[in-house]
Amino acid sequence: MIDRTDDAGDALDGLCDPVRGWFEGAFPTGPTPAQALAWPAIGSGEHVLLISPTGTGKTLAGFLAIVDRLTREHLAGGLEPGLRCVYVSPLRSLGYDVEKNLSVPLRGLQRLLGLRDCPIRVGARTGDTSAHDRRKLREGPPHILITTPESLSLLLSQSAWAEHWAGVDHLVVDEVHALAATKRGADLAISLERLAESAGGDPARVGLSATCRPPEPVARFLVGPSRTCRVVEAPRPVGSRAIEIEVESLLRPGEGPHRGLTYNRLLRRVRRATADNRTTIVFANSRPMTEKIAHDLRHAPPGRGETVAPFDGETEIAVHHSALDASRRRDVEERLKAGTLRAVVTSTSLELGVDIGSADLTIQVGLPGGVSRCVQRVGRSGHRVGGRARGLILAATAAEVIAAAVTARAARAGEIEPLKPVDSPLDVVCQQLIGMACRGETSIDAAHDLLRKAAPTADLSRADLLACLDSLAGDLPTPAGAFEPEPGAAPRWTSPRIWKRNGWFGARSARVKRWLWGNVGTIHAEESVAVIADGASVGTVEGAYAERLSAGDRFVLDGRTLEFRRLEGAVLHAKLVGGEAGALPVWHSDRQALSTELAAELAAFRSEASRRSVCDGPEAVRAWLGETLRLDARAADVAAELIEAQDRWSETPGVDVLLVEEFPTPLEPGWTYAFHAPLNRSACEALGRAVAARLGRKHGRDAAFQPADLGWSIRVPDDDARLDPADLAGIASLDDLEADVMEGIDRGELAARRFRRVAATALMVLRNPEPGKRVRVGGMNWVSTRLYPLVKAACPDHPLLRETRREILHDVLDVPAAARWLATGPTVRLRHLASPSPFAAAWIAPGGDEAIRHDSPDDALRRLHARMIAAGGA
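The model shown is predicted, which means the values in this text are computed figures rather than measured ones.

Visitor: How should the overall build of the protein chain be read in this particular structure?
Guide: Helix and strand counts for the protein chain stand at 31 helices and 28 strands. Expected size for 874 residues packed as a compact globule is a radius of gyration near 29 Å; at 28 Å, the protein chain falls within 12% of this value. Dimensions of the protein chain, computed from the C-alpha atoms along their principal axes, are close to 95 × 80 × 60 Å. Considering the protein chain as a whole, with its 874 residues, one finds that 56% of them fall into the buried category. Excluding contacts between residues fewer than 6 apart, the proportion of contacts in the protein chain whose partners are at least 24 apart in sequence is 74%. Accessible surface, the protein chain: about 35,400 Å² in total, of which carbon and sulfur atoms supply 51%. Looking at charge distribution, the protein chain has the averaged site of its 109 positive side-chain charges lying 4 Å from that of its 113 negative ones.

Following this line, the structure appears as structure tokens:
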């Protein structure tokens with residue numbers, strides 16, 4: 001059932017007198033539409049998915065009916081100690097924010113009831129919780145527990161918590177859209193079913209979301225396939241204003257891309273915006289860029305002609321991202337709420353839910369990637385009464401200008417991308433099975449029934465479940481020389497995690513429990529070391545980066561320059577040296593890409609702009625760009641110049657064309673082929689790997705592959721591998737597409753890299769073998785280079801290999817989107833160019849290639865020898 005009307009009657013009538021009295025005193029204008037619609041449904045015990053714009057009181061909408069129920073029990077003398085509600089947040093910072101926000105009505109109720117202490121207790125259990133506080137929570141759990149998906153999974157695996165779940169009657173999942181389409185969400189969905197099984201009844205589930213389209217898949221994720229869910233879509237409160245997004249070009253007409261020039265202009269623009277607003281949130285797309293902008297805002301002097309006064313360093317400019325120490329992040333959040341910061345530079349850690357009441361503006365550096373993320377980030381501003389969410393996207397290249405403007409247009413229209421749920425991830429199933437085993441002996445039949453109640457694993461077959469159990473028990477084929485549990489025993493891949501017999505399974509030892517607790521979750525990051533500067537914890541950097549540092553090297557963390565002193569185990573000791581320039585740490589993470597829908601819209605828009613440029617002339621197309629995309633004259637001129645340059649040099653392909661551009665590889669021998677398609681990076685990578693496999697089978701030569709949004713490139717080493725029009729005849733065929741994609745994957749490095757993540761999630765390998773110890777030299781690379789080839793050769797049907805393939809084909813890549821486009825029968829066109837076209841130059845990054853290997857070692861050696869002889873003769 002979907003409610004879109006704000007005429008829900010007087011929702012306050014359903015609240016008890018103390019709760020109603022507090023609310024009317026705190027909010028004399030009455031409840032927001034989200035609150036008026038949600039309270040009756042939540043109070044009646046229904047499963048509810050509440051969709052409401054940011055800043056419309058979702059926290060109280062989700063919680064006040066629960067608080068009301070607990071208050072009624074207290075008034076009746078029946079509120080016993082014990083857990084009643086579990087709140088799950090995808091971010092620890094959001095959980096802490098909710099804990100503080102809940103304290104306001106609870107303190108108000110305490111005063112109204114004339115009590116010394118509030119009868120309703122709230123507590124938080126996350127990865128930041130100290131051992132002392134964990135023990136206190138375990139011995140006396142609060143009525144409302146605030147936690148994260150990983151901590152909830154841990155608690156469910158501990159027998160000491162088993163009895164605490166019996167009284168839970170509400171489960172609240174905040175920012176549910178951020179979890180629904182991920183393995184982390186699949187892990188949470190199974191945990192919710194495990195919790196429900198341990199509760200006295202089936203707890204009512206409440207999902208909260210600001211950006212959720214369409215709602216039905218998210219509702220199914222929240223409650224599973226066997227329950228019904230009321231979907232409440234609340235309108236904006238009366239008098240609220242629509243989101244405002246502007247796009248500015250850091251380039252001027254006639255200029256080419258220049259990183260130093262555009263960065264200086266970026267810094268000037270951010271300074272000016274920060275000076276003009278009370279608080280500005282700056283979103284960068286990577287942690288290194290976050291650190292650089294924050295450091296330079298604090299320390300770089302204003303440039304020539306700037307009238308903005310310098311900021312007061314750390315007092316006014318802060319940094320917030322996941323690699324910073326938890327205490328530093330919380331301090332920034334408190335200062336944000338208090339309105340004492342002028343600007344905070346962040347990557348992704350502040351884009352969800354944390355209330356930033358003083359923020360007037362959000363700045364997006366580069367492209368946000370999707371409409372949902374754009375709306376979420378811009379929605380961090382304008383939370384004050386009568387406020388307006390305002391966003392500014394700063395584009396450093398002409399291609400970014402057009403993409404940013406198309407993104408902003410879709411965001412203003414509310415065109416949120418649909419979510420694509422994960423289907424039966426076997427590595428998550430393995431980890432959850434270990435969690436069940438750690439709790440106690442478990443029936444295989446009961447485990448299968450429970451897993452099928454969760455939406456992501458509703459279609460899990462019994463054969464896949466048994467394969468996962470066999471893998472965890474060490475019963476799958478292994479090569480000679482693998483791990484032997486005891487002399488003479490059958491070899492196994494790793495130490496068995498569980499025992500399995502007579503339809504039951506359980507944890508192999510107490511050590512397995514410690515392994516789970518140290519490796520729980522699906523979030524993957526490179527091995528990190530803690531950074532201590534002058535005795536204070538600053539954050540973490542990747543271990544591989546730390547090992548490359550020498551005494552005296554300087555790097556930036558928390559927007560401050562630190563000087564490396566020494567590395568002791570998993571701790572890096574440094575000294576704070578002020579505002580001098582330093583190197584930026586390297587953090588590896590997946591690149592953000594355009595959504596499927598946004599890529600198609602961008603390709604169609606560029607094609608239409610080209611048509612208008614040719615038919616109507618330069619002045620008309622600039623006017624059209626300005627009007628259609630709300631661009632100023634400078635940005636419209638920059639965008640038009642890109643389209644005109646592409647048409648002069650090559651062509652702007654339509655959505656029904658696969659354009660192939662051939663040109664000599666710059667600064668290297670050989671040829672590069674740029675393929676242009678109206679697909680996002682995931683679909684382009686799928687189709688590009690299939691094309692690389694098809695061409696490789698024909699020529700038998702190695703190639704270098706690089707995917708991007710709206711295209712990909714394949715680089716061949718010499719004239720012998722140069723393509724002719726006949727080679728392109730079958731590259732856009734649907735036949736055997738998935739098999740060709742997998743061949744292109746197997747000949748590259750992607751499968752081995754993804755297997756490392758899958759194996760870590762399934763606890764086949766351990767990122768943290770024992771508390772306080774680091775993994776072997778080289779980190780987890782041995783999983784990709786040694787373990788993956790062995791498993792692939794000895795057990796090709798291993799469940800984790802199958803999960804690796806599923807993840808690549810459906811989560812990392814988008815084979816269905818590529819197939820849908822190929823089914824339209826696109827025309828393949830080849831153009832011979834002297835150098836990269838403007839479109840191709842925008843996404844071909846030096847050094848970003850991945851090798852796709854078709855040469856045999858002997859052939860590769862012979863060709864290398866021939867090139868060396870030829871070079872010597874020359």
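Visitor: Would you explain the packing of aromatic side chains in this entry?
Guide: Each aromatic ring pair is described using two quantities: the centre-to-centre distance and the angle formed by the ring planes. Using the criterion set out here, one finds 10 aromatic pairs in the structure. When the ring of F63 is compared with that of Y87, the centres are 5.5 Å apart and the planes differ by 40°; the resulting orientation is tilted. Remark: Y87 occurs in strand 3 (residues 85-88) and F63 occurs in helix 3 (residues 58-75); sequence separation between them is 24 residues. Taken as a pair, F63 and Y87 share a single burial class, namely buried. With a centroid separation of 5.4 Å and 50° between ring planes, the pair formed by F755 and Y788 is classed as tilted. You can see F755 sitting in helix 26 (residues 750-761) and its partner Y788 sitting in helix 27 (residues 781-794), a full 33 residues away along the chain. Summarising the burial analysis for this pair, F755 and Y788 share the class buried. Each residue in the set W22, F23, F27 and W39 is aromatic and connected to the rest through ring pairs, giving one cluster.

Visitor: What exactly am I supposed to notice about the sheet that holds strand 14 (residues 390-395) here?
Guide: The six strands are arranged 9-14-13-10-12-11 in an open sheet whose pairing can be described as parallel. Looking at which strands have only one partner, the edges of the open sheet turn out to be strand 9 (244-249) and strand 11 (317-320). Taking the axes of each pair of neighbouring strands and ignoring which way they run, one obtains an average angle of 20° across the sheet. Two strands pair when backbone bridges link them, and strand 10 (residues 279-283) and strand 13 (residues 359-365) are joined in this way by five bridges, in the parallel orientation. The residue of strand 13 that forms the bridge with T279 is A359. Taken strand by strand, helix 15 (residues 398-412) contacts strand 9 and strand 14, and its axis lies near 175° from that of strand 9.

Visitor: Would you mind going over a positive patch on the surface with me for this structure?
Guide: Taken together, R252, R268, R304 and R634 make up a surface patch of like positive charges. Secondary-structure assignment places R268 in helix 10 (residues 259-276). R268 gets classed as partly exposed once you look at its relative accessible area, which sits at 31%.

Visitor: Just to check I follow, could you spell out the environment of E563 for this structure?
Guide: With respect to the helices and strands, E563 occurs in strand 21 (residues 560-568). When its relative accessible area of 14% is taken as the criterion, E563 is described as buried. It is 9.6 Å that separates the C-alpha atoms of E563 and G578, two residues lying 15 residues apart in sequence. Beyond its immediate chain neighbours, meaning those up to four positions away, E563 contacts G552, D553, R554, H573, A574, K575 and V577. Among the polar contacts listed, one links the side chain of E563 to the side chain of R554, at a separation of 3.1 Å. There is a polar contact of 2.4 Å between the side chain of E563 and the side chain of R565.

Cut-offs used in this document
- Residues numbered from 1 in each chain as written.
- Predicted model: local features only at pLDDT ≥ 70, side-chain atom pairs only at ≥ 80, totals over all residues.
- Heavy atoms only, no water.
- Helix = DSSP H or I, 4+ residues; strand = E, 2+ residues; numbered from the N terminus.
- Rg over C-alpha atoms; globule rule 2.2 N^0.38 Å.
- Buried < 20%, exposed > 50% of the residue type's maximum accessible area, 1.4 Å probe, protein only.
- Contact = heavy atoms within 4.5 Å.
- Areas by Shrake-Rupley, 256 points an atom, 1.4 Å probe, with all protein chains shown as cover.
- Lys, Arg positive; Asp, Glu negative; His and termini not counted.
- Charge placed at Lys NZ, Arg CZ, Asp CG, Glu CD.
- Phe/Tyr/Trp six-rings, centres within 6.5 Å; stacked < 30°, edge-to-face > 60°.
- Pairing = 2+ DSSP bridges.
- Axes fitted to C-alpha atoms, helices over the stretch in contact; angles between N-to-C directions.
- Patch = residues over 30% accessible without salt bridge, like charges linked within 9 Å, V, L, I, M, F, W, Y side chains within 5 Å.
- Salt bridge = Lys/Arg side-chain N within 4 Å of Asp/Glu carboxyl O.
- Polar contact = N/O pair within 3.5 Å; in protein donor to acceptor, adjacent residues only side chain to side chain.

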